[in-house]
Amino acid sequence: MEAFQLKLVANVDQAIGFAQPAANGQANDASTRFLAGGTTLLDLMKLDVERPTQVIDIHRLPLDQVETIDGGGVTIGATVRNSDLANHPLIKSHYPVLSQALLSGASAQLRNMATTGGNLLQRTRCVYFRDPVTPCNKREPGTGCSAIEGYNRNLAILGTSEHCIATNPSDMNVAMTALEATIHVESAQGKRDIAIDDFFLLPGNTPERETTLNPGELITHVTLPAPVPGNRSVYLKLRDRASYEFALASAAVVVRVSSGKIDHIRIALGGVGVKPWRSKEAEAQLLGRAPDATAFRAAAEAALQSAHVQSQNGFKVELAKRCIQHALTLATQTA
Amino acid sequence: MSKEPQKPDVGADEPVSVLERPTRRSFLTRVGAAGVAIGTGQLHSVALADSDNSQEAPAAASAPADSANMHVRLNVNGSNYELDIDPRTTLLDCVREHLHLTGTKKGCDHGQCGACTVHVDGRRVNSCLSLAVTHEGEAITTIEGIGKPGALHPMQAAFVEHDGFQCGYCTSGQIMSAVALLHEPYGHSDDDVKEAMSGNICRCGAYTNIVSAIQQVRRKI
C-alpha cells in the first residue's frame with residue numbers, strides 16, 4: 001500500500017474542506033478518497049489499484065440515521081451501515097426489495113462495515129481491473145480492455161462499449177434504482193441532488209469515469225420517494241453459490257396490480273449491466289397488462305433486446321430473462 | 001501511558017532458562033524473516049538486470065506522501081494501549097504485530113475469508129479491511145478477550161465439544177463471528193446459521209460441526 005495522509009474529521013464541513021482541490025494544493029482531487037467502511041477502498045489500496053495520497057476518514061460523521069421525510073419517503077445517511085439499513089424497521093416494512101438486496105450481498109462482517117455512500121461507489125470485480133499488471137481502460141485509460149478477449153464470464157452484457165465491459169457489482173444499487181433513489185452530495189461549491197439513474201455513467205470512451213460525482217463532492221445522504229401504496233417488491237439474485245457471491249444476474253422488481261392489471265412497475269437488473277440497469281423497455285411491456293407468464297416473458301425479452309455478449313457470458317442472456325420472469329412471478333403471486 | 005502486552009502465563013514447573021523459550025510463533029517469525037531476506041536478494045538482482053538492459057534512466061520515484069506515524073489510543077479487550085503507528089496499519093496487523101494478540105489470524109487479507117474477524121463496539125468486522133488509527137474510542141474485542149483456558153466462552157467450549165475445527169486456523173474468526181451472531185437478527189434454522197456464517201471460510205470443511213456448536217449455544221441462551 002502506498003503512503004497517504006490520513007485526515008480524521010468530526011463534521012461534513014471539515015471533510016469537504018480537506019477534499020476541496022484548492023485546499024490541498026493539488027490540481028484536482030483525484031488522489032483524495034473518503035474512507036467509510038473501507039471494504040472496497042482498502043481492498044483496492046492493498047492491490048495498488050487505488051493509490052490516494054490523501055484519505056479522509058468519514059466513518060464517524062453524523063450521517064448514520066434513517067428517518068422518514070415529508071411526503072412519506074425516507075432519508076438514509078451516507079454512513080448508515082448496510083446491516084443497519086437492511087434491518088431497519090422502516091426499510092423492512094416499506095422497501096423490502098432494498099432490505100433483501102442488502103442482505104444478499106457480501107458477508108455479515110462486510111455488511112457491518114460497508115456504508116450506503118460507499119456501496120454506491122463500489123468498484124467492479126473485473127479481474128483485470130483488480131490486477132495492476134494487465135491492461136485495463138478503467139484503471140489505466142488507453143491501455144486497452146483485457147476482458148473482451150479474456151476472462152469475461154462474469155462481466156456485463158448491457159451498456160458495454162468496446163473499451164470496457166465491467167459489471168457494477170452492487171446489489172443495493174439495483175434496488176435503489178428500482179426505488180428511484182436520489183443521491184445528495186455536498187462540496188465546498190455547494191449541494192446537488194442527483195437522480196440515481198443519472199448518477200451512474202456508461203463506460204463509452206471514458207470507463208474510468210463511473211459516476212457524475214465531481215472532484216471534492218461527498219455523498220451525504222440518499223432519499224427514497226414514498227412507497228406506492230399497495231406495491232409489492234422483490235429482489236432475486238442468481239449466483240454460483242447460495243451465499244457470499246456476486247450476482248450473475250439479479251432483478252429488483254417493484255410492482256402494483258390493481259383490478260387485475262399492472263398499474264405501477266419498476267424493474268432494475270444487476271450482474272448484467274455496466275451500471276445498475278433500469279429497464280424501461282421491460283416496464284413498457286408490463287404496464288396496463290395482466291400479470292401473467294406471457295407478459296413476463298415479453299418484458300424479459302424486451303429487457304435483454306440490446307444485450308451484447310462476449311465469448312464466455314452468453315449464458316447470462318437467458319439467465320437474466322428467467323430472473324426477471326421469476327422475480328415478477330414472486331412479486332405478483334397471490335398468497 | 002503505554003502498556004506492554006501481557007506475557008503468556010508460564011507454569012511454575014517450566015524450566016528457567018536465559019534463552020528465550022522457542023514458541024511456534026518465534027520460530028515461524030525467524031523462518032519468515034530468512035525467507036524475506038532471500039526474496040529481497042532475488043528482487044534486487046532482477047532490478048539490476050533490468051537497468052543494465054535499459055537505455056532509459058529509471059523513473060524518479062514520486063515524492064511519497066507524509067508517512068509519519070500517527071498517535072492512537074486503542075481499547076482492546078478492556079485494556080487501553082497508546083501506539084505510534086503508520087496510518088496504513090490495519091487493525092489486524094495492529095493487534096497481531098503491535099499488541100502481540102496473535103489469536104486473530106491473517107488469511108486472505110482482503111475481507112474474503114473471515115479469519116481476521118474481531119468485534120468493534122460489539123459488531124463483527126473484518127479487521128484486515130480497517131485502519132487501526134480510525135478506531136480510537138471504540139471497544140475492540142479479539143478472541144483473547146472473550147475467554148481464557150479454564151474459563152472458556154460457551155461458544156469456545158461448544159467448538160471443542162463438537163470438534164468444530166481441524167487445523168484451527170479459521171477457528172478464532174469462526175468463534176468471533178458465532179459470538180456476534182448470538183445477538184443478530186437471524187432465524188433459528190441450520191440454514192440461517194449457514195447464511196450468517198458464510199463470511200467465514202473453513203478450508204478443512206468443518207462446517208457441519210461448526211453449525212452444531214453454534215446451534216447448541218443458541219438453544220441454551
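Residues numbered from 1 in each chain as written. Chains lettered and ligands numbered in written order. Predicted model: local features only at pLDDT ≥ 70, side-chain atom pairs only at ≥ 80, totals over all residues.

Chemist: Outline the domain arrangement of chain B, listing residues and values.
Modeler: Residues and elements named next belong to chain B. Domain annotation of chain B identifies domain 1 (70-145) and domain 2 (154-220). A straight line from the C-alpha centre of domain 1 to that of domain 2 covers 21 Å. Taken together, the contact between domain 1 and domain 2 spans 13 residues of the former and 11 residues of the latter. Broken down by secondary-structure element, the contributors of at least two residues to the side of domain 1 that touches domain 2 are β3 (117-120) and β4 (123-126). (Domains from an automatic or database assignment. Contact = placed C-beta atoms within 7 Å. Helix = DSSP H or I, 4+ residues; strand = E, 2+ residues; numbered from the N terminus.)

Chemist: Account for unusual backbone geometry, naming residues and giving values.
Modeler: Residue E180(A) is not a glycine yet carries a positive backbone phi of 55°. Examined against the element boundaries, E180(A) turns out to sit in the loop between α8 (172-178) and β6 (182-187).

Chemist: Residue-level account of the nonpolar core, with values.
Modeler: Core analysis: the largest hydrophobic core is formed by 140 residues, its most contacted members being V97(A), A175(A), A178(A), L179(A), A252(A), V253(A) and I324(A). Setting aside residues up to four positions removed in sequence, A252(A) forms contacts with V97(A), A101(A), V174(A), A175(A), T177(A), A178(A), Y235(A) and A268(A). (Core = buried A, V, L, I, M, F, W, Y, C linked by C-beta atoms within 7 Å. Buried ≥ 20, exposed ≤ 12 C-beta atoms within 10 Å, placed from the backbone.)

Chemist: An account of the sheet that holds strand β10 (residues 249-258) of chain A is needed here, citing residue identities and associated values.
Modeler: Residues and elements named next belong to chain A. What the 4 strands build is an open sheet, ordered β9-β10-β11-β12; its pairing is antiparallel. A single partner strand is all that each edge strand has here, and the edge strands are β9 (232-238) and β12 (277-278). Summarising the sheet, β10 and strand β11 (residues 261-270) pair through 9 bridges and their orientation is antiparallel. Looking at β11, one finds that S250 is bridged to G270. Packing of helix α5 (residues 96-103) onto the sheet brings it into contact with β9 and β10, and relative to β9 it is tilted by some 20°. The strands that helix α12 (residues 315-332) touches are β9, β10 and β11; relative to β10, the one it contacts most, it runs at about 35°. (Pairing = 2+ DSSP bridges. Axes fitted to C-alpha atoms, helices over the stretch in contact; angles between N-to-C directions.)

Chemist: Pulling in residues and values, what's your account of the pairing of β4(B)?
Modeler: When a strand is regular, its side chains alternate between the sheet's two faces. Residues and elements named next belong to chain B. A two-sided burial pattern is seen for β4, the buried positions comprising R123 and V125 on one face and R124 and N126 on the other. Sheet analysis places β3 next to β4, joined by 4 bridges and oriented antiparallel. Note on β4: the bridge partner recorded for H119 is R124.

Chemist: Break down the sheet that holds strand β4 (residues 66-68) of chain A for me, citing the residues and quoting the values.
Modeler: Residue and element names in this part refer to chain A. Sheet architecture is open: 5 strands sit in the order β4-β5-β8-β6-β7, paired in antiparallel fashion. Each edge of the sheet is formed by a strand with only one pairing partner; in this case those strands are β4 and β7 (190-195). Looking at each pair of strands side by side, their axes are set apart by 20° on average, direction ignored. Here helix α1 (residues 12-19) sits on the sheet and contacts β6 and β8 (218-224); the angle it forms with β8, its principal contact strand, is near 125°.

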